Amino acid sequence: MVLSTNHHLITTHTLNLRSNGFTLIELMIVVAVIGVLSSIAIPQYQNYVKKSQLGAAMATLSALKINVEDYIVTEGKFPTLSTSEVKPILGATTSPLGTIETKAITSNPLSGQLILTMDTNTLFNMKKIALNRDSAGAWTCLTDIATNTIIPKYCSTKTIL
């Protein structure tokens, strides 16, 4: 530092006139990057939620297969039960995903479908997923959801009773 004749302190360093904040262009770039990432992430997240809801629906229905088989052995026919009858007869608990019912196929008393109708608070809004039992006792998955990328690989898109 140097002392001048009028007794003012003069520094030999130059002042840095640039502030330490972000420029407008830097902020705009950050906003653009966040926009691109969110446009990719949000649809993927929705697909993840849809797949998890279908997985939970399949787990709920699969848990009831043993009870349906027991009913068939005991009664000699596939049960046709409304939503209110499923709990006391098959021991099903209330599902937050939707309502469960069973329907027998009239042409074969040992065949039928175990059906879960998705509730309006899910991403499927009244779509159905079902386990179909044929007369030989084989179970297959059916759904009326048309998006093949979301439904389980072992499910086929067909009409549900």
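- Where an unreviewed UniProt entry is consulted, the protein appears under the name Pilin, with the organism given as Vibrio algarum.
- In the Subunit (unreviewed entry) part of its UniProt record, the protein is described as follows: "The pili are polar flexible filaments of about 5.4 nanometers diameter and 2.5 micrometers average length; they consist of only a single polypeptide chain arranged in a helical configuration of five subunits per turn in the assembled pilus."
- Quoted verbatim from the Sequence similarities (unreviewed entry) field of the UniProt record, the comment on the protein reads "Belongs to the N-Me-Phe pilin family."

## Re unusual backbone geometry
Okay, step 1: Positive phi is not limited to glycine here, since N125 has a value of about 45 degrees.
Okay, step 2: On the secondary structure map, N125 appears in the loop between strand 4 (112-118) and strand 5 (128-133).
Okay, step 3: Relative accessible area serves as the criterion here: at 46%, N125 is assigned to the partly exposed category.
Okay, step 4: Within the chain, M126 stands out as a residue other than glycine whose phi angle is a positive 75 degrees.
Okay, step 5: As for its position among the elements, M126 is in the loop between strand 4 and strand 5.

## Here we look at the sheet that holds strand 5
Okay, step 1: Pairing in this open sheet of five strands is mixed, and the strands run 3-4-5-6-7 from one edge to the other. Two strands in the sheet have a free side with no partner beyond their single neighbour: strand 3 (98-104) and strand 7 (155-157). If you compare each strand with its neighbour and ignore which way they point, the axes differ by 25 degrees on average.
Okay, step 2: Examined bridge by bridge, strand 4 and strand 5 share six bridges and lie antiparallel to one another. Bridging across to strand 5, Q113 finds its partner in N132.
Okay, step 3: Along the sheet, helix 1 (residues 24-75) contacts strand 3, strand 4, strand 5, strand 6 (139-143) and strand 7; its crossing angle with strand 5, the most-contacted strand, is approximately 30 degrees.

Conventions adopted
- Residues numbered from 1 in each chain as written.
- Predicted model: local features only at pLDDT ≥ 70, side-chain atom pairs only at ≥ 80, totals over all residues.
- Heavy atoms only, no water.
- UniProt positions renumbered as here; feature names shortened; annotations may be inferred.
- Helix = DSSP H or I, 4+ residues; strand = E, 2+ residues; numbered from the N terminus.
- Buried < 20%, exposed > 50% of the residue type's maximum accessible area, 1.4 Å probe, protein only.
- Pairing = 2+ DSSP bridges.
- Axes fitted to C-alpha atoms, helices over the stretch in contact; angles between N-to-C directions.
- Contact = heavy atoms within 4.5 Å.

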